[in-house]
Amino acid sequence: MTISLLDRRSFLRVSALSGGGVLLACYLEPTIKVLTAAAQGVPSSSPSFAPTAFVRVAADGVVTIMAKNPEIGQGVKTSLPMIIADEFDVDWKDVRIEQADLDESKYGPQRAGGSTATPVNWNPLRQVGAACRQMFVAAAAQAWLVPEAECETSSGRVTHPSSNRALGYGALASKVATLTPPDLKTVKLKDPKDYKIIGHSNPGVDNAAIVAGESLYSIDFRVPGMLWAVYEKCPVFAGKFVSANIDEIKSLPGVRQVFAIEGTQELLGLHAGVAVLADSWWQANSARKKLQARWDEGATAAQSTEGFLRRANELSQQAPAIRLRSDGDADTALASAAKVVEGAYCYPFLSHAPMEPQNCLAHYHDGKLEMWSPSQTPESGRQQVAKLMGIAAENIVVHLKRAGGGFGRRLTNDYMLEAAAIAKVAGVPVKLLWTREDDFHHDHYRPAGFHFLKGGLDPSGRLVAWRNHFVSFGEGTQFAPSANIPPNEFPGTFLTNFFFGASLMPLGVPTYAMRAPRSNAFSWVFQSFIDELAHAAGKDPISFRMELLNSPRVPSATASPNPAEADLDAERMRGVLQLVAEKSAWGKQKLGKNTGVGAAFQFSHRGYFAEVVQLNVDEKSRIKIEKVWVAGDVGSQIINPSSAENQVRGAVLEGLSSVMSYEITIDRGRAVQSNFDEYQPVRMNQMHAEIEIHFLKTDNSPTGLGEPALPPILPAVCNAIFTVTGKRIRSLPLAKHGFSWA
């Protein structure tokens, strides 16, 4: 998904509420243009009105703020309303948060992905709060017949200090409903030094309900009279249904309906399958286990991880089919280099593996559809469902349900398509729930990749040439979803002799974005190979990186329309690299036996992060992480520090799982791994280390935290392993090399 900010025309609408309250709706026209990946098969949309928030103020002064974006664990249901509340000058204890349903004509883009919630909403939501505050000041000033400039606000009250008068927002709400709203471009924003909510830790607004076991997550939601559904698909991706013992399955206890559904042509769309509907999920899934289906597996059945590796090695001996970037003459510079380092790196397919499997509730009746979905891109899902069902999108209502993790898996909406198709046939509300095995076998995976690298050093150990032949997936010059790499990735733009080419292999396995898309893989390759070059040059790895960051630039000829793919800001990266070196006492540590440190950095999704790992490797290749230092620059404000730290810690832990054990193997066109016993995340008793987090505040607009802390942890771990063992890790996961957690 690519998001680019456009010029804004902003305004407020107000209306009275019964009981003396007021509703304030802030509109941006248009706020954002969103280009949705063509792989999702739906047109991009830009609503004519994109309100960023609705604020309700009741007569008793209680303020309700609508949370417009999907909540998938990244904390936006708390952090985005915090922005409005602070500028509105209300106390957080007096704020109530409600999850909005899908309605982009009211709320603007409602999406979760790419760490975009903060950069997209930071300025608009501050304007919302400031405009609301200004209107309540105007109402009070009119009531007191005093100039607005003499009034102040605090804790949901307007005061007139010189006359010692005060009115609460609730008492002013009816008056505010009669006022003409200000132009949002003219409202005065707070000085950051006056923030009382932004920059202060607040627990998630749903925390208490989650701990109490209330029904917040999509998996828990149900409606009266619904049936439970499971959906059996061909084990080979996009295989076609031939036949099954449907009549036999219909006769099993609790089973109400069994029928086949024809799939679509899109690899990320609706796949053919057999739906089993029953009174309970257990009955439906038990019946499914007795289903005997025959499939036409198609050409993808010939594809395998082993075959991809073999073909990648063959392609590496040929010239790259695609030239992504070429500065200077890398081949000539390599031929004259004092030392040339070569390395072949590869990484596997990965599953998103959220704790909550895919699910969706749908009810089709009277030509209309109502859905309850944990989608990260609900509007894209709605458009896809409309196309599939042949009904107008306006006749589809989507309720946003809290997701038990997403990590990019819920950016695509195949589970919504399945639920909609089943519900249309069933004629009653249907709750589709995948099994864990479904989630692993029918994911839209993080793509595997292969890199064949050469780096040249001059006699002083300075990097003078870089060449990378990247073998990935796609057709012709079109990369498979999330299988590409921006051509300006570091050390691109920092070397006068730099070549980056690619060759593509056909792929019948569905792929899509995963947390820190693309950089979650290539950062490990590039930062590991840079470490190889540093050691070959006889230089300290952080000093070697600093030297590169101080090199003259070769800027990209054309700027990317996606801010997340802009040329790296060397000053910001040097800042976090220097900070993490200082905090970890890099080069000054007294390390114990079999203990080493490794470093890495990455510019990812607008965020700048550098990380250092200290670990121990014993004689049995068991690894104990002793400490992790993280330094990040995501701009001038950390909106909710407790949530920010949670995001960073979660990113580090997910990265540790990826580097040690995560791998999806393709054999005969199907995923081999089926559950967490074969795809093991790091356990609490394996992670003994403190994760020390530091944020470097800079004069840049705040950006998101869902992605950027993840990529550097993988190469930092592998670089530390090298300092202890002398083994350079060029393929993942570590478990394949005999390593395990201590």
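Quantities reported herein were computed from a predicted structural model and do not represent experimental measurements.

J.: In this structure, what is going on with the overall build of the protein chain? I would like to understand it.
T.: A count of helical and extended segments in the protein chain gives 17 helices and 32 strands. Scaling as 2.2 N^0.38, a compact globule of 742 residues should have a C-alpha radius of gyration of about 27 Å, and the protein chain matches this with 27 Å. For the protein chain, the proportion of its 742 residues judged to be buried stands at 61%. Put simply, 78% of the contacts in the protein chain that link residues at least 6 apart link residues at least 24 apart. Surface accessibility of the protein chain: about 28,200 Å² in total, with carbon and sulfur atoms responsible for 50%. Taken as two groups, the 74 positive and 74 negative side-chain charges of the protein chain have centres that lie 1 Å from each other.

J.: Whenever I open this one, the sheet that holds strand 21 (residues 430-433) confuses me. Can you help?
T.: Across a sheet, paired strands are connected by hydrogen bonds in the backbone, their directions being either parallel or antiparallel. On the basis of which strands lie adjacent, the open sheet formed by seven strands has the order 13-14-11-21-18-19-20 and mixed pairing. Of all the strands in the sheet, just strand 13 (255-261) and strand 20 (396-400) have a single pairing partner and so form its edges. If you compare each strand with its neighbour and ignore which way they point, the axes differ by 20 degrees on average. Relative to strand 14 (residues 273-278), strand 11 (residues 227-233) runs antiparallel, the two sharing six bridges. Bridge assignment links tyrosine 231 to a residue of strand 14, and that residue is alanine 275. Packed on one face of the sheet, helix 10 (residues 378-389) meets strand 18 (359-365), strand 19 (368-373) and strand 20 and runs near 150 degrees to strand 20. Lying on the sheet, helix 11 (residues 414-426) is in contact with strand 11, strand 13, strand 14, strand 18, strand 19, strand 20 and strand 21; it crosses strand 18 at an angle near 35 degrees.

J.: Would you take a moment to explain helix 7 (residues 281-288) for this structure?
T.: Residues spaced three or four apart along an α-helix face the same direction, because each turn holds 3.6 residues. Along helix 7, the residues classified as buried are Ala284, Asn285, Ala287 and Arg288. With its buried residues spanning 160 degrees around the axis, helix 7 presents them on a single face. Packing partners of the buried residues in helix 7 comprise strand 11, helix 6 (246-250), strand 13, strand 14 and helix 12 (436-441).

J.: So what exactly am I meant to see when it comes to the confidence of the model for the protein chain here?
T.: If pLDDT is low for a region, its predicted coordinates should not be looked at in detail. Taken as a whole, the protein chain shows an average pLDDT of 93; of its residues, 94% reach a score of 70 or greater. Residue range residues 1-11 is modelled with pLDDT below 50. Its contacts to residues more than four positions away, or to other chains, number 47 contacts. Note on residues 28-52: pLDDT is under 50 here. Beyond four places in sequence and across chains, it has 92 contacts.

J.: Quick question: what am I supposed to make of the packing of aromatic side chains here?
T.: Between two aromatic rings, the relevant description is the distance of the centres plus the angle of the planes. What the rule picks out here adds up to 24 aromatic pairs. Taken together, a centroid distance of 6.4 Å and an interplanar angle of 85 degrees make the contact between tryptophan 122 and tyrosine 195 edge-to-face. Of the two residues, tryptophan 122 sits in helix 3 (residues 117-144) while tyrosine 195 sits in the loop between helix 4 (169-176) and helix 5 (207-211), which places them 73 residues apart along the sequence. Here tryptophan 122 matches tyrosine 195 in class, with each residue buried. Following the ring pairs from residue to residue traces out a cluster consisting of Tyr345, Trp466, Phe470, Phe479, Phe500, Phe522, Trp524, Phe526 and Phe529.

J.: What exactly am I supposed to notice about the side chain of lysine 190 here?
T.: Tracing the backbone through its elements, the reader meets lysine 190 in the loop between helix 4 and helix 5. Side-chain polar atoms of lysine 190 contact the backbone oxygen of aspartate 86, separated by 2.7 Å. Discounting residues that sit within four places of it in the chain, lysine 190 has contacts with Asp86, Glu87, Asp89, Arg133 and Tyr195.

J.: What is the right way to read the side chain of glutamate 692 from this model?
T.: Along the chain, glutamate 692 falls in strand 31 (residues 690-695). Sequence-distant contacts of glutamate 692, that is, excluding residues within four places in its chain, are made with Lys583, Lys627, Val628, Trp629 and Val630.

What counts, and at which threshold
- Residues numbered from 1 in each chain as written.
- Predicted model: local features only at pLDDT ≥ 70, side-chain atom pairs only at ≥ 80, totals over all residues.
- Heavy atoms only, no water.
- Helix = DSSP H or I, 4+ residues; strand = E, 2+ residues; numbered from the N terminus.
- Rg over C-alpha atoms; globule rule 2.2 N^0.38 Å.
- Buried < 20%, exposed > 50% of the residue type's maximum accessible area, 1.4 Å probe, protein only.
- Contact = heavy atoms within 4.5 Å.
- Areas by Shrake-Rupley, 256 points an atom, 1.4 Å probe, with all protein chains shown as cover.
- Lys, Arg positive; Asp, Glu negative; His and termini not counted.
- Charge placed at Lys NZ, Arg CZ, Asp CG, Glu CD.
- Pairing = 2+ DSSP bridges.
- Axes fitted to C-alpha atoms, helices over the stretch in contact; angles between N-to-C directions.
- Arc of directions from axis to C-beta.
- pLDDT = per-residue confidence, 0-100.
- Phe/Tyr/Trp six-rings, centres within 6.5 Å; stacked < 30°, edge-to-face > 60°.
- Polar contact = N/O pair within 3.5 Å; in protein donor to acceptor, adjacent residues only side chain to side chain.

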